[in-house]
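# Chain and residue survey
Spelled out from the first residue to the last, the chains are:
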Amino acid sequence: MPEIILENITKRWGKFFGVDNVSLNIPDNSFITLLGPSGCGKTTILRMIAGLETPTEGRITIGDKVVFDSNAGINVPANKRKVGFLFQNYALWPNMTVYENISFGLKNIHEEMPVVDVEAKQTSDIMRALVSGNKVKEIIEECRDKNGKLDENKAYVKLIDNYNLSIYSAKELFALGIHTSSDPAALAKTKLSEYENKFAAIKSRYEKEGKGLNDKFEVTKNGAAILENRKLSKEEIDSRVRACSRIVKIGMFMDRYPAELSGGQQQRVAIARTLAPEPQVLFMDEPLSNLDAKLRLEMRYELQRLHVETGSTFVYVTHDQMEAMTLATRICLVSNGVLQQYAAPLEVYNRPANLFVADFVGNPSMNFVDAKGTQQSDGSVAVDILGGIKARFVPVEKTDLKEWRAARDKEAADKLEYEKARLQKKGAVEKSNKDEVFKYHIQKVEEQDDSIMDEPVITDEDFVIGIRPEAIDIDDNGKIDTTIYGAMPTGMESTLKLRVGEFLLTGVIFGGVIYQIGQKEKINISGKDILLFDRRSGKLICAGSLEL
């Protein structure tokens, strides 16, 4: 499977930038989720890679082939990019059976591909099954109903699944009558000898012509497969349909129509149809959003297994951070068309790049606490939090705030210069949907309307401390007095709203303890994953511990 590289991809409509200068490297065999709120640009990124949307600027490479380059005038159409697309709407043909839906796209393929000897493939497949006549009989006998009547269609599916056969090979194997013989092993041995002779004759014929067969039953000359512009044969189409149906476990539903299937089964059919043309990359745009919560969870496991079994590169769009966290090898988090962070799920959770990422990822959301303070000679930061509580933030790694701020200011200046240079180019327009520092929410007992309040004057002594709910512990020896303001027990854990003065903190306490509203407790903030953010830029400075 290929690597996908996006370089400075931009998509705009007039002055509105749907995607703003995004660069990504999607490795081979990875599972990437494009995550973000509705309208942030994630689907547009997906559609540009697939060729369904044309970027305004930039370059896209799939494998060793450039499929889009605004400077070179390259734009390979979607049907030539060999990608599969699974939409939120499964778009199954209601008048076609499951088999016909999956095979529909395969019948339209007409391109240069290796010449395959179908007879040799079928012969070899049946030879593989005839190694054990007893097993063939056992598989077929399992398909009798309670009255002893043999269900032939079920037997075909069983043979297909056990031996990776096409329907044509399964029917031929069934017709040999191994299951009706009193000595299936002997009959299978006799038949195997006949098929071995047949296979040898096919190979001999090619050898006389100076040709050969490789392990994929492709006709070769001088060791290389002979290519020909052609359509797929019925055997090849059926083999692909059966292989895909086996992966998603819908082999028994081939003759049914979409209306006769559940939502999960329709989802599986849509996945099989997408896999059948053997795409280089599989794109999925919120494919589970139409399913109920339980089925969505089951399908997540299926997609995870599918990724491993196919070895394909998956690019998956979702606004559900739980889907992104559980499925992805890397998460690409987007806001307002701008890439916010591109990293492994646990890195995004534990070390979010900025306040937006910290707030978006995690359920319950991270607690944000305004802090004011200065760095001490030992590297720690003395801060005032939660209405006057004195605390000390101790970074995990050595951090010099002066150096960090200098790098922050240089990055901001460089970005400003880049934007000035961009606007001087012919045809450049100023972005109407301006990028702003994320406005985080401080939980308070009495919420105020921020829109009527004056903007605060922010200095380099202003910080935001991010505390995940699981970092808050109820402890008899805790340093902070609190009152239980709200409690939601789920059995395994309880989510609490904790009042500290005029502020509220969210905590997750593991165990089956019941907490009463109004109950007095003491809390500590523990661990080394407490986060220190720069309030001016919203960027993460470092992680550390909070000593109260």
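See above for the structure.
Residues numbered from 1 in each chain as written. Predicted model: local features only at pLDDT ≥ 70, side-chain atom pairs only at ≥ 80, totals over all residues. Heavy atoms only, no water.

### Things to note about the overall build of the chain
Within the chain, the regular secondary structure consists of 14 helices and 27 strands. On C-alpha atoms alone, the chain measures out to a radius of gyration of 31 Å, which is more than a quarter above the 24 Å that the 2.2 N^0.38 rule sets for 548 residues. With the principal axes as the frame, the chain shows a C-alpha extent of 90 × 65 × 45 Å. Looking at the 548 residues of the chain, the share that counts as buried comes to 47%. (Helix = DSSP H or I, 4+ residues; strand = E, 2+ residues; numbered from the N terminus. Rg over C-alpha atoms; globule rule 2.2 N^0.38 Å. Buried < 20%, exposed > 50% of the residue type's maximum accessible area, 1.4 Å probe, protein only.)

### Overview of the sheet that holds strand β26 (residues 530-534)
What links the strands of a sheet is backbone hydrogen bonding, and the strands pair in either a parallel or an antiparallel sense. Taken together, 6 strands build a closed barrel; the order of strands is β17-β18-β19-β27-β26-β20 and the barrel is antiparallel. Adjacent strand axes in the sheet meet at a mean angle of 45 degrees, parallel and antiparallel pairs treated alike. Relative to β26, strand β20 (residues 462-467) runs antiparallel, the two sharing 4 bridges. Residue V464 lies in a different strand from β26, and its bridge partner there is F533. On the sheet, helix α14 (residues 401-423) packs against β17 (367-375), β18 (381-385), β20, β26 and β27 (540-547) and is oriented at approximately 150 degrees with respect to β27. (Pairing = 2+ DSSP bridges. Axes fitted to C-alpha atoms, helices over the stretch in contact; angles between N-to-C directions. Contact = heavy atoms within 4.5 Å.)

### A closer look at helix α5 (residues 152-163)
The end-to-end C-alpha separation of α5 is 16 Å, in line with the 16 Å expected for 12 residues at 1.5 Å each. By the burial criterion, the buried members of α5 are A155, Y156, V157, L159, I160 and Y163. Looking at the buried side of α5, the elements it contacts are α3 (118-129), α4 (133-141), α6 (167-175) and α8 (234-247). The backbone nitrogen of N153 has a side-chain oxygen 3.3 Å away, supplied by the residue at the start of α5, namely D151. Positioned one or two residues after α5, N164 has a phi angle of 55 degrees, which is positive. (Expected span 1.5 Å × (residues − 1). Polar contact = N/O pair within 3.5 Å; in protein donor to acceptor, adjacent residues only side chain to side chain.)

### Here's the deal with unusual backbone geometry
Backbone torsion omega between N363 and P364 reads 5 degrees, so that peptide bond is classified as cis. Note that P364 resides in the loop between α13 (355-360) and β17. The phi torsion at F217 lies on the positive side, around 65 degrees, for a residue other than glycine. Examined against the element boundaries, F217 turns out to sit in the loop between β9 (212-213) and β10 (219-221).

### What to know about the nonpolar core
With 42 residues, the main nonpolar core has F368, I385, I465 and F533 as its most contacted residues. Here this core gets 5 residues from one element, more than from any other, and that element is β27. Excluding its chain neighbours within four sequence positions, the residues that come into contact with I385 are V369, D370, A371, A391, I465, L546 and L548. Counting 36 residues, the second largest nonpolar core, distinct from the first, contains V98, V248, L275 and L327. (Core = buried A, V, L, I, M, F, W, Y, C linked by side-chain atoms within 4.5 Å.)

### Focus: the environment of V508
One can find V508 in strand β24 (residues 503-510). With near-sequence residues (within four places) excluded, V508 lies in contact with P364, P469, E470, I472, E493, S494 and T495.

### A look at the packing of helix α9 (residues 263-275) against helix α10 (residues 293-310)
Across the interface, α9 lies against α10 with an axial gap of 11 Å and an inter-helix angle of 20 degrees. Classified by the angle their axes make, α9 and α10 are roughly parallel. Seen along the crossing, α9 lies across α10 with a hand that is right-handed. Taking contact as the criterion, the partners of G263, G264, Q267, R268, I271 and L275 in α9 are, on α10, L295, M299, E302, L303, L306 and T310. Across the contact of α9 with α10, the residue classes tally to 6 nonpolar, 4 polar and 2 charged. (Parallel < 35°, antiparallel > 145°, perpendicular 65-115°, else oblique. Left-handed = near helix turned anticlockwise from the far one by under 90°. Nonpolar A, V, L, I, M, F, W, Y, C, P; charged D, E, K, R; others polar.)

### As for the packing of helix α2 (residues 98-107) against α8
Running from amino to carboxyl end, α2 crosses α8 at an angle of 130 degrees, the nearest separation of the two axes being 10 Å. One finds that α2 runs oblique with respect to α8. When the axes of α2 and α8 are compared, the crossing they make is right-handed. Note on element contacts: α8 touches α2 through I237, D238, R240, V241 and R242, opposite Y99, I102, S103, L106 and K107. Among the residues making up the contact of α2 with α8, the classes are represented as 5 nonpolar, 1 polar and 4 charged.

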